[in-house]
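Observations on chain architecture
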Amino acid sequence: MGKPTGFMEYAKQKVKEKAPLERVKNWGEYTERLTDKDLQTQGARCMDCGTPFCHMGIEIRGAAAGCPINNYIPEWNDLVYHGKWEEALERLRMTNNFPEFTGRVCPAPCEGSCTLGINEPSVAIKSIERSIIDKGFEMGWVTPRIPEKRTNKRVAIIGSGPAGLAAADELNQLGHNVTVYERADRAGGLLMYGIPNMKLEKSIVERRIQLLQEEGIQFVLNTEIGKDVTADALRKQYDAVILCIGATKARELHMDGAESAGVVPAMTYLHDVTKSYLDSNFEDQKAIDVKGKNVIVIGGGDTGADCVATALRQKCKTVHQFGKHPALPTTRQQEQPWPADPNVYKLDYAYAEADAKFGGDPREYCIQTKKIVADDAGNVKQLHTIQMNKIVNDEGYAYFEEVPGTEKVWPVDYVFIAIGFQGAESPLAQQFGVKMANNRIQASRFDYTTNVPGVYAAGDARRGPSLIVWAIKEGREVAVEVANFLSKEHAIVQ
Ligand SMILES: Cc1cc2nc3c(=O)[nH]c(=O)nc-3n(C[C@H](O)[C@H](O)[C@H](O)COP(=O)(O)OP(=O)(O)OC[C@H]3O[C@@H](n4cnc5c(N)ncnc54)[C@H](O)[C@@H]3O)c2cc1C
Ligand code: SF4
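Overview of the structure. Everything numeric in this text was worked out from a predicted model, so none of it was measured.

Each value, and the rule that gives it
- Residues numbered from 1 in each chain as written.
- Chains lettered and ligands numbered in written order.
- Predicted model: local features only at pLDDT ≥ 70, side-chain atom pairs only at ≥ 80, totals over all residues.
- Heavy atoms only, no water.
- Core = buried A, V, L, I, M, F, W, Y, C linked by side-chain atoms within 4.5 Å.
- Buried < 20%, exposed > 50% of the residue type's maximum accessible area, 1.4 Å probe, protein only.
- Helix = DSSP H or I, 4+ residues; strand = E, 2+ residues; numbered from the N terminus.
- Contact = heavy atoms within 4.5 Å.
- Near = heavy atom within 4 Å.
- 1 Å grid on protein atoms, 1.4 Å probe; cavity = no way out; pocket = protein on both sides within 12 Å on 5 of 7 lines; lining within 4 Å.
- Sits in = over half its atoms within 2 Å of the grid points.
- Nonpolar A, V, L, I, M, F, W, Y, C, P; charged D, E, K, R; others polar.
- Points joined across faces, edges and corners; volume = space filled by probe spheres on them.
- Axes fitted to C-alpha atoms, helices over the stretch in contact; angles between N-to-C directions.
- Parallel < 35°, antiparallel > 145°, perpendicular 65-115°, else oblique.
- Left-handed = near helix turned anticlockwise from the far one by under 90°.
- Pairing = 2+ DSSP bridges.
- Right-handed = clockwise from strand over helix to strand, strands pointing away.
- Polar contact = N/O pair within 3.5 Å; in protein donor to acceptor, adjacent residues only side chain to side chain.
- Areas by Shrake-Rupley, 256 points an atom, 1.4 Å probe, with all protein chains shown as cover.
- Expected span 1.5 Å × (residues − 1).

Right, let's get into the nonpolar core. Counting residues in hydrophobic clusters, the biggest one holds 70 residues, and the most contacted among them are I132, I157, I242 and V482. Take this core: its biggest share by element is 11 residues, from helix α18 (residues 468-488). With near-sequence residues (within four places) excluded, V482 lies in contact with V155, L171, A240, I242 and Y456. One finds Y269, A305, Y351 and A418 within the second-largest nonpolar core, a separate group that totals 30 residues.

Shown next, in the form of C-alpha cells:
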C-alpha cells in the first residue's frame, strides 16, 4: 500500500527526460531512470485505495482503462517503497514478459485509471515498472530460465513482435519446442523496426531476444513464411502455428502528386533510419537523410511524431506535422470520466524537441492537404492545404468543412505519409486458408482460434493496430490456448 499518508506528502515525479536540445544531438534514449530514493518516494504515493482500478485492463469506448496485462501494481509499488526490489521484480514478471519495453514506451493507461488520479496526479507507475526491471538486469537477477523438461510438441510462431515473443516465452516455459520465424534481418517486430531508437534502444530489444534464445527458443530470421517456406510445408513440421504478423499494411495517400519523389511512407523512413543506424552508424547512407531539408509529416498520430523526432535528429531545416483533428482538450472531459483514458493534450517528446529547436509546436491542426506539387524533375516541392472546421451534428456524427480563404502553399523537400494502417497482410492468411475480415485475421477474442484447426492468431494481426501491452496480453493468452490444444494431443514429456 505504500505509505498511508504518502499521497498527501509527496508530489508526482514525471518520467525523467533529458533536455530536448541535448537529446536531439544523438540517437540515445531520451528518458532516464529516477533514483532509487525518488522511486521509493513515488511508491509511497500508492494509497491502498481498496479497489484499485490501475490494473483492471478493460476497454472503455475503444481505449484501454487500467493495465491490459493486469500487472500487480499496488503490490510492487509497496515492495519498492520498502526497498524490496527483487521481490517487486518477481511480482512484475508474473504478469509481464517484457517490462523493459512497456516501462519505456507504454502510454500507461494504468496511470489514467489510478484512483489518486481523480483529484491529484497519479502514482508514477510506468517509471516504477521500468526501474524494477532495469535494476533486475543490472543486479543479475534476470537470468535464463531453461525448462527442465521438454515435451515432444513443436510450435511455429510467425512474427517476432511483442505478441509473437510473449507467446514464444510462455510456450517455451511450458517445455514446448518453439521456433519463431521472422522475415526481417533482426527480431523484435515494431520494437526493432518501428519504434525509434531514442524511444526504445535496440540493445534493450536484443538483450531480451538473446535471453529467449538462451532459454531455448529458436529464431529463424530473413525468412518470409508464404514465400520462402509455404504454409503447407510449415504445417507438416509443427503441431500448432500462431500467426503474429502485425498490421503494418499502410494506408495510402491518393491525391495529385502523391507519386512524386520525396513522398515516402513513414514506416519506410523509420525502418531505413533504424537499420542504417544499427548496421553502420549511417555510414552505408541507405536511409533518407533530411539534413537541411523542409519536412512535412501528413498524419497527426504517434507514428508521425516519431518521424518528427527522427527528422530533428537528422538536423532538418523545418518540420511540420499535419493532422485533420483539432487539438485535444487540456483537461479530462465529461465524456471521458475516470477511470477511462483521459485523452488530453500532451506535449510528447517529439513536439517538446521541435518546440525547443524551432520555438513552436510542429503540429498543424484541422488541416487538409489538397494536392502535392512536384518540380520538373519530379521531386516534391509544395503542399497545398486548406483549414477545416470539425462539426458535430445533433446525432453526434462528426464531419469536416473547408474554411474558405485559408488556402496555403508550403515549400517542402520530403513528405512522410503517416495516415495509419489498413491492417494485416492477406496473402499469408490465404495460404493457410484462414479467414480475414476488415483487414484482420479472424480469430476468436476468447481462444484465438481461427477457422483452421491448429492455426491461431494474436496481436495486431488479429485486433488491428494497437499497443505493445495489448500484444503482450494476446501473446500470453494465445499461449494458454495453444498449450491446452497440445495437451489434448497427448504431449509427451521427455
Ligand atoms: C512507428 C510506431 C511507433 C509505435 N510506438 C509505440 C509506442 O510507443 N508504444 C506502444 O505501446 N506501441 C507503439 N506502437 C505499436 C506497437 O509497436 C504494436 O502495437 C506492436 O508492435 C504489435 O505487436 P505484434 O507482435 O502484433 O506485431 P509487430 O510488432 O508488427 O510484429 C509483426 C512481425 O511479423 C513479421 N512478419 C509479418 N509477416 C511475416 C511473414 N509472412 N513471415 C515472417 N515474418 C512476418 C513482421 O516482419 C514483424 O516483425 C508503435 C507502432 C509504430 C508503427
Ligand atoms: S504495462 Fe503499461 S499499463 Fe501496464 S503497468 Fe506498465 S505502463 Fe501501466
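Moving on, we get to the site of ligand 2. The environment of ligand 2 is made up of C67, N71, I73, T102, C106, A108, P109, C110, I125, E129 and V469. Among the detected pockets, ligand 2 sits in the largest cavity. Where the shell around ligand 2 is concerned, the elements lending two or more residues are α7 (109-112) and α8 (125-138). Taken together, the residues that form the shell around ligand 2 break down as 8 nonpolar, 2 polar and 1 charged.

Here the focus is the environment of L278. Note that L278 resides in helix α13 (residues 266-280). Residue classification places L278 among the partly exposed residues on the basis of a relative accessible area of 25%. Between the C-alpha atom of L278 and that of V178, which follows or precedes it by 100 residues, the distance is 27 Å. L278 has contacts with R186, M192 and K202, leaving out every residue within four places of it along the chain.

Within the structure shown, the criterion is met by 4 cavities of 30 Å³ or more. Considering the residues around the largest cavity, the lining is formed by 15 residues, among which C67, N71, C106, C110 and E129 are closest to the centre. Where the lining of the largest cavity is concerned, the elements lending two or more residues are α4 (73-81), α7 and α8. Counting residues per element, the lining of the largest cavity draws most heavily on α8, at 3 residues. Taken together, the residues of the lining of the largest cavity sort by class into 11 nonpolar, 2 polar and 2 charged.

Another aspect to go through is the packing of helix α3 (residues 36-44) against α8. It is at 10 Å that the axes of α3 and α8 come closest, and there the two elements cross at 135 degrees. Here α3 is positioned oblique relative to α8, judged by the angle of their axes. Here α3 runs over α8; the crossing is left-handed. Contact residues: α3 offers D36, L39, Q42 and G43, while α8 offers S127, I128, S131 and K135. Of the residues in the contact of α3 with α8, the class split is 2 nonpolar, 4 polar and 2 charged.

In this section: the pairing of strand β5 (residues 154-158). The element β5 is extensively covered by neighbouring structure, given that 4 of its 5 residues are classed as buried. In this structure, β5 lies alongside strand β6 (residues 177-181), joined through 5 bridges in parallel fashion. Across the sheet, residue A156 finds its bridge partner in β6, namely T179. Handedness of the crossover joining β5 and β6 through helix α9 (residues 162-173) is recorded here as right-handed. For β5 and strand β8 (residues 240-243), the ladder comprises 4 bridges, and the chain directions are parallel. Across the sheet, I157 pairs through a bridge with I242, a residue of β8.

Further remarks concern the site of ligand 1. Around ligand 1, the structure places 34 residues, and the nearest of them are V105, A163, E182, I225 and D460. Side-chain polar atom of E182 to an oxygen atom of ligand 1: 2.7 Å apart, as the coordinates give it. Within the backbone of D460, a nitrogen or oxygen atom sits 2.8 Å from an oxygen atom of ligand 1. Within the complex, 94% of the 1000 Å² of free accessible area of ligand 1 lies under protein.

Taking 1.5 Å of rise per residue, the 13 residues of helix α11 (residues 202-214) would be expected to cover 18 Å, and the 18 Å separating its terminal C-alpha atoms lies within 8% of that figure. Within α11, burial applies to K202, I204, V205, R208, I209, L211 and L212. Where the residues of α11 are buried, they touch α6 (99-105), α8, α9, α10 (190-193), β7 (218-220) and α13. G216 sits one or two residues past α11 and shows a positive phi near 120 degrees.

The analysis is restricted to geometry; functional conclusions fall outside its scope.
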